[in-house]
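So you can see what is in the structure, the chains are spelled out below.
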Amino acid sequence: MLAETTSLLAFKKARSLVRRGSGQRRGRLTPLKERARLIALFDEAVVGGASRYQAAAVIGISERTLKRWRSERGAIVEDQRPHAGQRRQPHQLTHEEEQAILNTCHRSEYQSLPPSQIVPLLADEGVYLASESSFYRVLKKHHQQHHRGRMKPRRSVPEPTSFTATGPNQVTSVIVPPLCEVSTGIFT
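In this report, the structure presented in the accompanying data block is examined. Throughout, residues of each chain are indexed from 1 in the direction in which the sequence is written. Under the rules for a predicted model, residues below a pLDDT of 70 receive no local features and side-chain atom pairs below 80 are neither given nor counted, while totals for whole chains, interfaces and linings still include all residues. Hydrogens and water molecules were not included; the side-chain quantities draw on all heavy atoms of the structure.

We place a 1 Å grid over just the protein atoms. Points where a 1.4 Å probe fits but has no way out form a cavity, open points with protein on both sides within 12 Å along at least 5 of 7 lines form a pocket, and any residue with an atom within 4 Å of a point lines it. Grid points are joined across faces, edges and corners, and a volume is the space filled by probe spheres set on the points. Scanning all chains against the criterion turns up one cavity of 30 Å³ or more. Its boundaries defined by the atoms lining it, the largest cavity holds a volume of some 30 Å³. Lining the largest cavity, in full, are V119, L122, A123, V127, Y128, L129, A130 and F135. Here a strand is any run of E in DSSP of at least two residues, a helix any run of H or I of at least four, and the numbering for each starts at the N terminus. Ranked by the residues each element gives to the lining of the largest cavity, the list is headed by helix α6 (residues 115-124), at three residues. Broken down by class, the residue content of the lining of the largest cavity amounts to eight nonpolar, no polar and no charged. Asp, Glu, Lys and Arg are counted as charged, while Ala, Val, Leu, Ile, Met, Phe, Trp, Tyr, Cys and Pro are counted as nonpolar; the rest, among them Gly, fall into the polar class.

Here it is, written out as structure tokens:
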């Protein structure tokens, strides 16, 4: 137990040499040099008597990640995500389907309506092009997801002006009472 504690303390001191800011989160790319340093520190702590799970907890990386960073032969493996190619999803809309959605949204009877109203109207006609979320996704992809209604677009309202007084009689305000109608009637 003493050996493990000593090893973990030495590990914590050595870990400060490695750049691991508090803003680092899961899924970030770890350069090969940093991986090598972290694994060397981890191995040194384990050889010194620390348990694997505690050494991993101190470093802030799961044991599974540290295991994945090594090949079957024990060599440190580079992150393969930057080299991965972009795959086409099996249910991804084709260019023709996207164009059909855009053409439908540009038709005069639908151009002022949002997709949440276009899709049900098309369904009443017996036409199904895509889901409502796909309509929104296609419009956003082609930079056409903006105000589509008949009303004027939302306007920005400036914040009210505020005044700060640093001495007496620098800021005054006048309260104007609302205009009231005076009724003259005869009460019986």
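Grouped together as the largest cluster of nonpolar side chains are 12 residues: I101, L102, C105, Y110, L113, I118, V119, L122, A130, F135, V138 and L139. For this core, the secondary structure elements donating two or more residues are α5 (95-106), α6 and α7 (132-141). Discounting chain neighbours no more than four positions away, the residues touching V138 are L93, E98, I101 and L102. As used in this record, nonpolar core signifies buried Ala, Val, Leu, Ile, Met, Phe, Trp, Tyr and Cys residues forming a set joined through side-chain atoms within 4.5 Å. Relative accessibility thresholds used throughout: buried, under 20% of the residue-type maximum; exposed, over 50%; partly exposed, between the two (1.4 Å probe, protein chains only). Grouped together as the second largest cluster of nonpolar side chains are 11 residues, L38, A50, A55 and A56 included. Any two residues whose heavy atoms approach within 4.5 Å are treated as being in contact.

Quick look at the packing of α5 against α7 now. Interhelical geometry of α5 versus α7 gives an angle of 90° and a closest axis separation of 10 Å. The pairing of α5 with α7 is recorded here as roughly perpendicular in orientation. Seen from α5, the contacting residues are E98, I101, L102 and C105; seen from α7, they are F135, V138, L139 and K141. Classifying every residue of the contact of α5 with α7 gives six nonpolar, no polar and two charged. Axes here mean lines fitted to C-alpha atoms, for a helix over just the part in contact, with angles spanning 0 to 180 degrees between N-to-C directions. Our angle categories are set so that under 35 degrees counts as roughly parallel, over 145 as roughly antiparallel, 65 to 115 as roughly perpendicular, and the remainder as oblique.

Patch members must show over 30% relative accessible area and no salt bridge, and they are joined within 9 Å when carrying like charges or within 5 Å when they are nonpolar side chains of Val, Leu, Ile, Met, Phe, Trp or Tyr. Surface accessibility in these figures is a Shrake-Rupley result with a 1.4 Å probe; residues are shielded only by whichever protein chains are displayed. Basic side-chain nitrogens of Lys or Arg form a salt bridge, by our definition, when they fall within 4 Å of a carboxyl oxygen of Asp or Glu. Residues scored as positive are Lys and Arg, those scored as negative are Asp and Glu, and His as well as the terminal groups of each chain are ignored. Lysine's charge is taken at NZ, arginine's at CZ, aspartate's at CG and glutamate's at CD. Side chains of R52, R64, K67 and R68 sit close together on the surface and give a patch of like positive charge. The leading source of residues in the positive patch is helix α4 (residues 63-68), at three residues.

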